[in-house]
Structure formats: structure tokens, C-alpha cells
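Below, each chain spelled out in residue letters.
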Amino acid sequence: MQRSNLIPFKISNMDSLGQGVSKLSPKITFIPKTLPNESGEAQIISEKKGVAFARVSQISETSPDRITPECVHFNVCPSCHYLHTPYQKELEFKQQNLEKLFQKIPHPKVEVIPAVRRLGYRNRVQLHYDLTAKKMGMLDVGANQVAPIPHCLVTLPALKTEIEKLYAHDQWISEAPKHLPRGHVELYLQGDKVQKSWNESYAHGGFTQVFEEMNLILRNKLKAWWGSNPSNLLDLFAGNGNLSKELNYSSRLCVDIYPRGSEGEFISKSLYEDDALTFVKKMVQQKGLTSPDLLLDPPRSGLKNLDVWLDTFSPSKVAYVSCDPHTLARDLSQIKNYDVTELILIDFFPSTFHFETVALLTRKK
């Protein structure tokens, strides 16, 4: 390692991507696998205007909150971010970052719902492969290389066993399509069987939440909040209707992209198309859903024109489920006629910086 690539660091705080932030150098530096108050040397990986990205070379002062990671791959795997600290500290970092994102949006105290377990929960995982390098594992985007993880601990036992089989004697090399030297394989549970798909789009067989027990907690939370009085319901980015199917509704319209087009209460439409709102308004009117309450669970990009949707339908209740709190805060910052009555952090993705956020809104009187 060249000394010219090394810089001293002192971690002041954690950012929302699970990286330690050092302001010791002229450029603010982001360093994974570190904790507040730790110091040492790091190797610069890349730089942009005003910021740098680095990896730990050596730690001279460790945090009292540092523990030995349970997973042997933690130091090289880019997918887990907090296994070097107790789970309670991980939750504190996540809550702090959510509060920071919502500091300009009036809201009650964040409710934090911990995961029922920290490891052994995922029912779906995507591994990248590089036939030239003969490596399969998690893709380190910054280094543009694959980190092998034959003993990954985040998946359910059935998936863990299948992953170990793929690594045994490089079995994955014989299964990977030879016409694509770089690609990915997705392993997922379908019933009690593990399915594999090579180089298909993520969740091509249908999206499901990766942590089923936490998914049930979310559904029960929505069910309790929705109450016993039935109302019409508009479910946007609905998927298979997972979040709304047990809510107390009179009529329901689910909108998402479905391979079979429109059928019954499931209407196929990309909600990012320019005419999406006009189309959905027409379908709501045709089906007689007067004054529907709104439930939405968009991808990470969120729904930038949420304020226009709310002005159009004037729902009395809105539940916004988000896998990216940054876009959630952006979308809610435009809302004028609604109060955030509950803000909930549900830890769907323990050991990583990801989590689900639920914002429950009520229309101002």
C-alpha cells in the first residue's frame, strides 16, 4: 500500500449510509466499518469535489462500542454495515439519521420497532459473479469487484445451505451462463423450495418483502391504525396487495405494473408515467371509489408529485411506506394539508443501513 494514499482520520459521526464521517482532512471523508470517536489511517479509494471515500488501513483508537463481527466476511463484504457494534447501537444510528432527515418536518417522536433477529432472516438474495476473476459474491461498486461470501449469515437457513453448495468446488462456475462473463444469480424461497435465476431482473417472479416476520408486524401496524370503520382504499405501488389485503376497506383499487394488465381490483399502470394520475383518477371514478384513503409503498425513487395526488383525491388518511427515508422526507416536505401523526422506523434490514419507514398522515381539519 502506497503511503501517499493514506490519510489520518477521526470519526465524528455516522452518515445515513452506515459510514463513519471524518473531518480531519481538507476533504470530508467517508469511511465504512468505523465508529464515532475512532481514529487511525485510511486509504483513499476515490475523490470528488469536497469529499473523499476511503477504507480503513489501521485503527489506532477504537470505540468502546466496537465488537467482533459475527460474520467472517464483514470486513470485506460491502453489504453489511453495523456488525462491528451491538444491535442497540445500530438502531440508535438509524434513528438519529431518520430524525436528522425529518428535522424540518413536524412529526411526533419516532417509534422504533427492532427486528426479531439480527441475522438469518432474508428469504431472497442476489449474488454477482465474474467468470474472468472466478469470483461470486457481493458487488463492491466503489472498487468494481466482487467479494466472495461463502458463509454469509443474513439469509434463512435454506438459502444459506444453497449458497454454500454453489461455492463448494466452485459449483457456481459450471452453472453460470458462459456467454455472460459478468452477471448475477438470485436465490429466493418459493414456498419451502429454493429457486435460482441467472441474470433476470430483481424479483422478476414477483416482489416480496425479504423479512417475513417484520412484514407481518408492518401489516398489523397498518391494520391497527386503519381502524374498524371501513373506507374505500387506493393502494399505489401495490404489488400483490400484501400491505392492504387485511385492511378494513369497503372497496379497493391496487395499482402497479402487472404482467397480465388490468384485472378486477388490480390495475396495471406505471405510476411514473406522465398520464398516471389522470388514468388512476378515471379508474377510481369508474369503480365508484369515492374519497379513497391512500396507501403507497413506492421504490426508492419515491413519488415526487405526491402533493398533487393528495390534492386530487383528498384522502382523510395516508400511509406512506418507504424503503428510502431520503425520498420520503423529500416527498413529505411538499405536503401542506396533512399532519404526520406517526413516524415509525421498522428494521426490515438489520446489520445494514437500510430500514423501512412508515409515515401515517391525517388530513388537517
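Placed above this text is the structure.
Residues numbered from 1 in each chain as written. Predicted model: local features only at pLDDT ≥ 70, side-chain atom pairs only at ≥ 80, totals over all residues. Heavy atoms only, no water.

### Details of the nonpolar core
- In this structure, L127, L222 and L295 are the most contacted members of the largest nonpolar core, which totals 48 residues.
- For this core, the element with the highest residue contribution is helix 4 (residues 212–226), accounting for five residues.
- In this structure, L295 is in contact with L222, W226, L233, L234, D235, L236, L243, S244, L247, A319 and V321, ignoring residues within four places of it in sequence.
- Counting 37 residues, the second-largest nonpolar core is a separate cluster that includes L98, L271, L332 and L361. (Core = buried A, V, L, I, M, F, W, Y, C linked by side-chain atoms within 4.5 Å. Buried < 20%, exposed > 50% of the residue type's maximum accessible area, 1.4 Å probe, protein only. Helix = DSSP H or I, 4+ residues; strand = E, 2+ residues; numbered from the N terminus. Contact = heavy atoms within 4.5 Å.)

### Details of the packing of aromatic side chains
- On inspection of all chains with the given rule, the structure shows ten aromatic pairs.
- Aromatic side chains Y82 and F93 sit 5.8 Å apart centroid to centroid with 25° between the ring planes, which places their arrangement in the stacked category. In this pair, Y82 sits in the loop between strand 5 (51–61) and helix 1 (87–101) while F93 sits in helix 1, placing the two residues eleven residues apart along the sequence.
- What makes Y82 buried here is its relative accessible area of 1%.
- Feature note: the residues Y129, W172 and W198 constitute an aromatic cluster, connected by ring pairs.
- Taking the ring centre of Y202 as reference, the NZ or CZ of R124 above it sits at 5.8 Å.
- Just above the ring of F279 sits the side chain of K269; from NZ or CZ to the centre is 5.2 Å. (Phe/Tyr/Trp six-rings, centres within 6.5 Å; stacked < 30°, edge-to-face > 60°. Lys NZ or Arg CZ within 6 Å of the ring centre and 35° of its normal.)

### Observations concerning the pairing of strand 18 (residues 356–363)
- Burial analysis of strand 18 places six of its eight residues in the buried class, the great majority of the element.
- Bridge count for strand 16 (residues 317–322) against strand 18 is six bridges, and the pairing is antiparallel. Each bridged residue has a counterpart across the sheet, and for V321 the counterpart in strand 18 is V358.
- Relative to strand 18, strand 17 (residues 338–346) runs antiparallel, the two sharing eight bridges. Its bridge partner lying in strand 18, V340 is registered against L361. (Pairing = 2+ DSSP bridges.)

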